[in-house]
Amino acid sequence: MNKIGVHPRKSAADLLLSNARTAGDEVDWEYLFLLARRHSIVPLVYVQLERHASDVVPNDVLSKFKQHYVENSARNTLLTAELCRLINLFRDAGIDAIAYKGPALALVAYGDLALRRFIDLDVIVKKTDVLKAREILLNEGYTPSKSLSLSQQELLLRTQHNLQFSREHHRLIIELHWEVAPHLFASTVNGERLWQDLVTIDLNGTPVKTFSPEDLLFSLCVHGSRHLWERLGWICDVAELITRQPLDWPTLLERAASTDTERMFLLGIHLAERLLDAPVPAEVKQRCDSDLRLSSLADNIIDHLFNGPTHVPATSREIFKYNIGVRKTLGARARYLLYMFRPTDSDLGSRSLPPSLSFAYYLTRPFRLFRR
């Protein structure tokens, strides 16, 4: 038998243990594993269960976690090597690239490539370099995940923020970004702002550019909001980054207040502090407490996080309600409404139109939304 110990702050394992206890105060270990898998944190929870000792963990349970940890570590090693290879190919072609999330986030936030689960690679290039980077990916055997013509992909350059490519029957997936999120969705950490405060990290011997901790924190909060914080793993990313990296909190707060993403940013911080005891300065907690809407947003997110071992996608109404609520101003809400009506790759994939009729994608988008 193995034991779980007391963590300096509440860990993901602690949180799952509290949600996997039966009425008789016994741990339902299978339920705990399924929760960890649902939230993409099996590797992290394995290490936390192995290191600490306040509860008894059956050996067969720990072995099951370990197996997934080892498999994840092997997959991450392969993906990291592929990321470094692509970064070097882009560099040789004169394309600046930013490693976003994936291996770079694992190293910066966790200090260990094996602790974070990722199944794809995210690379950000300048908008002017997207088509050039696309050609490199095509030459390397990648194909667009959606069957789109070049003119359709050029349309997505105007309406969205990334293109997805894959190879080897989707075993390798690359998301080629030019923004963290569409500018109408979130008007921060986009455009030229992305390239101003980069840092260089060593990724398996390859110098790789990535976000500063402050820009990374902002981008993680925007990313979490885009997906309604449906995974505990995304909240763990925020908590680990806050814990491991020194942050310029006064500048972060000033920056948040000057954009339409203040509530998105504060919500991510609030969730990390509330669920995982992330070390948040008093002035930041005070800013969170002053926004009365944050608590109700967080309550709803937490209810969904722990509503069972299987993810239940949010309804269209829930998505709309959340996105209106997470924006404080009428202007931000209006921009979100405009964002909703911009064509996506799914819209373009539903029918192929000649470039001269591309405006029709905008006309059919509302009908697809309402039908869904």
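What counts and how
Residues numbered from 1 in each chain as written. Predicted model: local features only at pLDDT ≥ 70, side-chain atom pairs only at ≥ 80, totals over all residues. Heavy atoms only, no water. Helix = DSSP H or I, 4+ residues; strand = E, 2+ residues; numbered from the N terminus. Buried < 20%, exposed > 50% of the residue type's maximum accessible area, 1.4 Å probe, protein only. Patch = residues over 30% accessible without salt bridge, like charges linked within 9 Å, V, L, I, M, F, W, Y side chains within 5 Å. Areas by Shrake-Rupley, 256 points an atom, 1.4 Å probe, with all protein chains shown as cover. Salt bridge = Lys/Arg side-chain N within 4 Å of Asp/Glu carboxyl O. Axes fitted to C-alpha atoms, helices over the stretch in contact; angles between N-to-C directions. Parallel < 35°, antiparallel > 145°, perpendicular 65-115°, else oblique. Left-handed = near helix turned anticlockwise from the far one by under 90°. Contact = heavy atoms within 4.5 Å. Lys, Arg positive; Asp, Glu negative; His and termini not counted. Polar contact = N/O pair within 3.5 Å; in protein donor to acceptor, adjacent residues only side chain to side chain. Arc of directions from axis to C-beta. Disulfide = S-S within 2.5 Å. Nonpolar A, V, L, I, M, F, W, Y, C, P; charged D, E, K, R; others polar. Pairing = 2+ DSSP bridges. Phe/Tyr/Trp six-rings, centres within 6.5 Å; stacked < 30°, edge-to-face > 60°. Lys NZ or Arg CZ within 6 Å of the ring centre and 35° of its normal.

S.K.: Explain unusual backbone geometry to me, please; I cannot follow it from the model alone.
M.R.: Excluding glycine, residues mostly have negative phi values, and the peptide bonds linking residues are mostly trans. Notably, His169 is not glycine yet its phi reads approximately 55°, a positive angle. For His169, the location among the structural elements is in the loop between β6 (162–167) and β7 (172–177). His169 gets classed as exposed once you look at its relative accessible area, which sits at 73%. Its identity is not glycine, yet Leu228 carries a phi of approximately 60°, on the positive side. Within the secondary structure, Leu228 sits in the loop between α8 (213–226) and α9 (232–244).

S.K.: What is the right way to read a nonpolar patch on the surface from this model?
M.R.: Side chains of Phe320, Leu337 and Phe341 sit close together on the surface and give an oily, nonpolar patch of about 230 Å² of accessible area. Among the residues examined, Phe341 registers a relative accessible area of 31% and is labelled partly exposed.

S.K.: Whenever I open this one, the packing of helix α10 (residues 249–257) against helix α12 (residues 282–290) confuses me. Can you help?
M.R.: Packed helices, taken two at a time, are described by the angle between their axes plus the distance between the axes. One can describe the packing of α10 onto α12 by two numbers: an axis separation of 10 Å at closest approach and a directional angle of 20°. Here α12 runs roughly parallel to α10, going by the angle between their axes. Handedness of the α10/α12 crossing: left-handed. Touching Trp249, Leu253 and Ala257 of α10 are Glu283, Val284 and Arg287, all from α12.

S.K.: I would appreciate a short explanation of the side chain of Glu175 in the present structure.
M.R.: Among the secondary structure elements, Glu175 is positioned in strand β7. The side chain of Glu175 is buried and forms no salt bridge, while Lys101, the nearest opposite charge, is found at 5.1 Å. Side-chain polar atoms of Glu175 contact the side chain of Gln164, separated by 3.0 Å. A distance of 3.4 Å separates the side chain of Glu175 from the side chain of His177, its partner in a polar contact. Sequence-distant contacts of Glu175, that is, excluding residues within four places in its chain, are made with Asp120, Leu121, Asp122, Val123, Asn162, Leu163 and Gln164.

S.K.: How should I be thinking about helix α14 (residues 316–325) in this particular structure?
M.R.: One turn of the α-helix equals 3.6 residues, which is why residues spaced by three or four share an orientation. Buried within α14 we find Tyr322, Asn323 and Gly325. One face of α14 carries all of its buried residues, which in axial projection span an arc of 165°. Of the exposed residues in α14, the ones pointing more than 90 degrees away from its buried face are Arg317 and Lys321. Elements in contact with the buried residues of α14: α8, α11 (262–276), α13 (292–305) and α15 (330–340).

S.K.: So what exactly am I meant to see when it comes to the state of the cysteines here?
M.R.: Two cysteines joined by a covalent bond between their sulfur atoms form a disulfide. Summed over all chains, the structure comprises zero disulfides. Looking at Cys221, it has no disulfide partner, and the nearest cysteine sulfur is the one in Cys288, 9.5 Å off. With relative accessibility at 0%, the residue Cys221 sits in the buried group. We classify Cys288 as buried; its relative accessible area is 7%.

S.K.: It is not clear to me how the packing of helix α1 (residues 12–19) against helix α2 (residues 29–38) should be interpreted in this structure. Could you clarify?
M.R.: Direction vectors running N to C along α1 and α2 enclose 130°, while the axes themselves pass 9 Å from each other. Taken together, α1 and α2 sit at an angle that is classed as oblique. Note that α1 runs across α2; the crossing there is right-handed. In this structure, α1 uses Leu16, Leu17 and Asn19 to contact α2, whose residues at the interface are Trp29, Tyr31, Leu32, Leu35 and Ala36. Among the residues forming the contact of α1 with α2, the class breakdown is seven nonpolar, one polar and no charged.

S.K.: Any chance you could explain the pattern of salt bridges here in plain terms?
M.R.: Here the idea is simple: oppositely charged side chains can pair when their charged atoms come close. This model, assessed by the stated rule, comprises 15 salt bridges. In this structure, the salt-bridge partner of Glu82 is Arg85, at a minimum N-O distance of 3.0 Å. One end of the pair is Glu82 and the other is Arg85, both in helix α4 (residues 59–92) and three residues apart, which spans about a single turn. Looking at Arg85, the relative accessible area reads 30%, which means it is partly exposed.

S.K.: Help me out: how do you make sense of the pairing of strand β9 (residues 206–210) in this one?
M.R.: Regular strands place side chains that alternate from one sheet face to the opposite one. Of the two faces of β9, only one is covered, namely that formed by Thr206, Val208 and Thr210; the face formed by Pro207 and Lys209 stays uncovered. Here strand β8 (residues 199–203) pairs with β9 via five bridges, running antiparallel. Its bridge partner lying in β9, Thr200 is registered against Lys209. Hairpin geometry of β8 and β9 is characterised by an intervening segment of two residues between the two adjacent antiparallel strands and by a positive phi of about 55° at Asn204.

S.K.: What am I meant to see in helix α5 (residues 102–110) here?
M.R.: The buried fraction of α5 is high, at eight of nine residues. Where α5 is concerned, the buried positions are Gly102, Pro103, Ala104, Leu105, Ala106, Val108, Ala109 and Tyr110. Gly111 lies just past α5 and shows a positive phi near 70°.

S.K.: I tried to follow the packing of aromatic side chains on my own but got confused; where do I start?
M.R.: The geometry of an aromatic ring pair comes down to the distance between the two centres and the angle between the two planes. Following the criterion strictly, the structure yields seven aromatic pairs and no others. A ring pair is formed by Phe33 and Phe65, whose centres lie 5.2 Å apart and whose planes are at 85°; its orientation type is edge-to-face. Here Phe33 is found in helix α2, whereas its partner Phe65 is found in helix α4, with 32 residues between them in sequence. Look at Phe65 and you get buried, because its relative accessible area is 0%. Here the aromatic rings of Phe185 and Tyr336 are separated by 6.3 Å at their centres, their planes lie at 70°, and the arrangement is edge-to-face. One end of the pair, Phe185, is in the loop between β7 and β8; the other, Tyr336, is in helix α15, with 151 residues separating them in the sequence. Through a chain of ring-to-ring contacts, three or more aromatic side chains come together here, namely Phe185, Tyr336 and Tyr339. If you follow Lys64 out to its NZ or CZ, it ends over the ring of Phe33, 4.4 Å from the centre. Looking at Arg327, its charged tip hangs above the ring of Phe185, at a distance of 4.5 Å from the centre.

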